[in-house]
Amino acid sequence: MATAVPPVVGRMVSALREFTIAQRTIALIGLGVLVLGATALGFWLARPSYTPLFSGLQAADASLVVEQLQADNVPYQLTDGGGTILVPQENVYDQRLKAASSGLPAAEADGYSLLDSVGVTSSEFQQDVTYKRALEGELASTVASLDGVKGASVQLAIPEETVFTENAAEPTASVFVETQPGRGLTKEQVQAVVHLTSAAIEGLTPANVAVVDSSGKVLSAVGSGAVGSADEQATDYEQRVSAAVQGVLDRVVGVGNATVAVAADMSTDTTERISETYGGRKTALTETSDSESYTGTGGGSGGGVLGPDNIAVPEGANGTGEYLNESASRTNAVDKVVETSSIPAGQVRRQSISVAIDAAAAGGVDVDALSNLVSSAAGVDNQRGDSLAVEVVPFNTQAAEQAAAALAAAQAAEEAARQEELIRGGIIAAAVVLGLAMAAFFIARARRRDRREPLESPEEFELEEMRTLARLGSAPTAAVTAPPATTSIPAVLPAVAQAPAIEALPTARPELAAGASTQADRQRAAVGHLAATDPARTAEFLRALIDGDSGTAPAAAKPAAPAPAGTPAQDPSAAPATAPAAAENVPA
């Protein structure tokens, strides 16, 4: 047994069949957009929300955790090169508890936890090594917590303690930093790592901490601190000086009316200098004085006997003499200051600054005063050999105009593209709305068309039938020249009911009564019978219907039907006008 199609579906199919090709295309586009939007929304709502289960895992730990998730049939995602595992949010806590019960992640012990395994039978060397490893682990975990740092490793070189302080070596440290992809350490972060490491070890100075990143770049060197290449240092210095000078020029001559170029010569050598300074009193440091004198007369010969060490001894004592020898040495105490300084690399040996000012904007500018301002802002040192040049020259604005035109064109193109996108979206939305509106309109029209007309009462049907048969059975007469008399419907109905036209079609009524139940069916049967018996009257009937539908009065008036017996006679001249008047006053 065939299933009956619901009325709503049938009406929709009928409405769709009446669509034109353009309407069907718009309706299909709108339906496709709605289906795609509903499908995308369904997928988005059905997608689970993933949350990190563990992050920063080693490869071995990540493999074990993934095996556990696969055994439990829990969906997961791997990110950060396999170091982070994501699972649906509703499974996070259960999986963490299961992993903890299985001893996952099984990370190696580091930091001060290493001291927990040190026993009383450990040697002093083992204790020292374990303590150093604990310090290294704690420092590495602290450095790895910095923003942008993925991992870190610290190695300490701590010398053995000795009683000879002059021969004691200083401790040093090296820090290896692995940054996240696309990230790097700033100078402030490098200084933080250096000071954090030096402050954690007794006797370690910031100058003895080396920091290296994963690309092999030295961020801080032992003995010189945070360093960079000579070109980088020169570039940083030039940018700082240029920004300072440009700020002064922009306030004086306006933005875009001056340009600054700085060339700096930086030293790449590390120098140590020792200087001694004495007090203000000008005195010799060491004084030495010698005096020798001899007095006496001699009467003997000048000869004598040689004594020890080949020294002549006089033979006799017949002479007197005196001999005096004095020697003095004195060291004066003066103020003395000894200074030892270390000059790291990156010192400015010489710099050259050139400033160009647009002639159009330098009308009332004092060039000498401006030169003094630039010299002070740049820190020019004439004794060092720095040079400064300030010139007023006309600027070439062609490049600026071309850049402005290109920028305006780009903005216009972007605005046009945005407008085009908006228009395209509006057209699509309007097409979808129009398609839906047209579909609703045609469905509503199909529903109104399917509604049945209300049945008329028997009295109204009899009145309409008698009026139609009276018009069809009347013979044409002369045109009505006088206006029709106003006659009420009850006065005309008896005359219409007794009209000969009713008897002229004796077979119409039985056929109408037997085959039709509505007014339209009965009229259709009457017209069919009349067309078979009298085609001329049928044409006259159709003409009368057309004139009545268009609201135009008929050209020729129909004669009134003869009055039944017992009805008072009327004036023959008024008879032709009575029937049309009655016919005109009968409601359609």
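Within any chain, residue numbers begin from 1 and follow the written order of that chain's sequence. For this predicted model, a pLDDT threshold of at least 70 governs which residues receive local features, and a threshold of 80 or more governs which side-chain atom pairs are given and counted, while totals over whole chains, interfaces and linings are taken from all residues. In computing side-chain values, all of the structure's heavy atoms are included and hydrogens and water are not.

Draft legend 1. Inspection of the pairing of strand 3 (residues 84–88) at higher detail. Buried, partly exposed and exposed residues are distinguished by accessible area as a fraction of the type maximum, computed with a 1.4 Å probe on protein chains only: under 20%, between the cut-offs, and over 50%, respectively. Strands are runs of DSSP state E lasting at least two residues, helices are runs of H or I lasting at least four, and both sets are numbered from the N terminus onward. Burial analysis of strand 3 places 5 of its 5 residues in the buried class, which makes it a mostly covered element. Bridge analysis of strand 1 (residues 50–54) against strand 3 gives 4 bridges, and the strand direction is antiparallel. Following the sheet pairing, Pro52 is matched in strand 3 by Leu86. By this definition, two strands are paired if DSSP reports at least two bridges between them. Sheet topology places strand 2 (residues 77–79) next to strand 3; 3 bridges connect them, and they run antiparallel. Among the inter-strand pairings, Thr79 is bridged to a residue of strand 3, identified as Thr84. Here strand 2 folds back onto strand 3, and the loop between the two strands holds 4 residues, one of which, Asp80, carries a positive phi near 55 degrees.

Draft legend 2. Geometry of the sheet that holds strand 9 (residues 258–266). Read across the sheet, 3 strands follow the order 9-16-17 without closing on themselves; strand pairing throughout is mixed. In this open sheet, the two strands that pair with only one neighbour each are strand 9 and strand 17 (387–393). For this sheet, the mean angle separating the axes of adjacent strands, direction not counted, is 10 degrees. As paired strands, strand 9 and strand 16 (residues 348–358) are joined by 9 bridges and run antiparallel to one another. The residue bridging Ala263 from the neighbouring strand is Ser352, located in strand 16. A contact between two residues is defined here by any heavy atoms of the two lying within 4.5 Å. In this analysis an axis means a line fitted to C-alpha atoms, helices contributing only their contacting stretch, and an angle means the value between N-to-C directions, from 0 to 180 degrees. On top of the sheet, helix 8 (residues 367–378) reaches strand 16 and strand 17; it is set at about 140 degrees to strand 17, its chief contact.

Draft legend 3. The arrangement of a nonpolar patch on the surface in detail. Exposure above 30% relative accessible area and the lack of any salt bridge qualify a residue for a patch; like charges then connect within 9 Å, and the nonpolar side chains Val, Leu, Ile, Met, Phe, Trp and Tyr within 5 Å. What sets the accessible areas is the Shrake-Rupley method with a 1.4 Å probe; for residues, cover comes only from the shown protein chains. We define a salt bridge as a side-chain nitrogen of Lys or Arg found within 4 Å of a carboxyl oxygen belonging to Asp or Glu. A cluster of nonpolar side chains, namely Leu41, Trp44 and Leu45, defines an oily patch on the protein surface of about 360 Å² accessible area. Relative to the helices and strands, Trp44 resides in helix 2 (residues 21–46). For Trp44, a relative accessible area of 53% puts it in the exposed group.

Draft legend 4. Structural context of the nonpolar core. Judged by nonpolar contacts, the single largest core of 21 residues is most densely connected at Val241, Val245, Leu249, Val260, Ile353, Val355 and Ile357. Going through the elements one at a time, helix 7 (230–253), strand 9, strand 16 and helix 8 are the ones with two or more residues in this core. Tallying contributions element by element places helix 7 first for this core, with 6 residues. Beyond its immediate stretch of four places on either side in the chain, Val355 contacts Val245, Leu249, Thr259, Val260, Val374, Ala389, Val390 and Glu391. We call a set of buried Ala, Val, Leu, Ile, Met, Phe, Trp, Tyr and Cys residues a nonpolar core when their side-chain atoms join them within 4.5 Å.

Draft legend 5. Highlighting the environment of Ala264. Mapped onto the elements, Ala264 comes out in strand 9. Residue Ala264 is classed as buried on the basis of its relative accessible area, which comes to 18%. The sequence separation of Ala264 and Ser352 amounts to 88 residues, and the corresponding C-alpha distance is 6.5 Å. Once residues lying within four places of it in the same chain are set aside, the contact partners of Ala264 are Ala234, Tyr237, Glu238, Arg350 and Gln351.

Draft legend 6. Up close: the UniProt feature "transmembrane region" (unreviewed entry) in the chain. UniProt positions are given in the numbering used here, feature names are shortened, and annotations may be inferred rather than shown by experiment. UniProt records the feature "transmembrane region" (unreviewed entry) for residues 26–46 and 422–444 in the present numbering. Counting secondary structure, residues 26–46 comes out at 100% helix and 0% strand; the distance between its end C-alpha atoms is 30 Å. With 100% helix and 0% strand, residues 422–444 has its two end C-alpha atoms placed 32 Å apart.

Draft legend 7. Quick peek at the pairing of strand 17. With 7 bridges connecting them, strand 16 and strand 17 associate as parallel partners. Within strand 17, the residue paired with Ser354 across the bridge is Ala389. Crossover handedness is defined here as right-handed if the route from the first strand over the helix to the second strand goes clockwise, with the strands pointing away from the viewer. Taken together, strand 16, helix 8 and strand 17 constitute a β-α-β crossover, and its handedness is right-handed.

Draft legend 8. Representation of the confidence of the model for the chain. The pLDDT score gives, residue by residue, the confidence of the prediction method on a 0 to 100 scale. Mean pLDDT over the chain works out to 75, with 72% of the residues at or above the 70 mark. Overall, residues 452–458 carries pLDDT values under 50, and its contacts beyond four positions in sequence, including any with other chains, amount to 3 contacts. Across residues 474–517, where pLDDT falls below 50, the model places 57 contacts with residues more than four positions away in sequence or in other chains.

Draft legend 9. Local environment of the packing of helix 5 (residues 124–144) against helix 6 (residues 187–200). Contact geometry for helix 5 and helix 6: axes closest at 11 Å, N-to-C directions at 155 degrees. Judged on the interaxial angle alone, helix 6 and helix 5 are roughly antiparallel. The crossing of helix 5 and helix 6 is right-handed. Here Leu139, Thr142 and Val143 of helix 5 lie close against helix 6, whose contacting residues are Val193, Leu196, Thr197 and Ala200. When grouped by side-chain class, the residues that make up the contact of helix 5 with helix 6 number 5 nonpolar, 2 polar and no charged. Should an angle fall under 35 degrees it is called roughly parallel, over 145 degrees roughly antiparallel, and 65 to 115 degrees roughly perpendicular, with every other angle called oblique. Each helix crossing is assigned a hand: it is left-handed if the near helix lies turned anticlockwise from the far helix by less than a right angle, otherwise right-handed if that turn is clockwise. Residue type decides the class: Asp, Glu, Lys and Arg count as charged, Ala, Val, Leu, Ile, Met, Phe, Trp, Tyr, Cys and Pro as nonpolar, and the leftover types, Gly among them, as polar.

Draft legend 10. Quick peek at the sheet that holds strand 3. If you walk across this open sheet you meet the 3 strands as 1-3-2, and the pairing is antiparallel. With partners counted over all chains shown, the strands left at the sheet margins are strand 1 and strand 2, one partner each. Pairwise comparison of adjacent strand axes, ignoring direction, gives a mean angle of 40 degrees for this sheet. Across the face of the sheet, helix 3 (residues 59–71) comes into contact with strand 1, strand 2 and strand 3 while running at roughly 15 degrees to strand 3. Packed onto the sheet, helix 4 (residues 92–101) meets strand 1 and strand 3 and runs at close to 15 degrees relative to strand 1.

Draft legend 11. Summary view of the side chain of Gln95. Along the chain, Gln95 turns up in helix 4. Within the structure, the side chain of Gln95 is placed 3.4 Å from the side chain of Gln68, a separation counted as a polar contact. Polar contacts here mean pairs of N or O atoms no more than 3.5 Å apart (in protein, one a potential hydrogen donor and the other a potential acceptor; neighbouring residues in sequence count only if both atoms are side-chain atoms).

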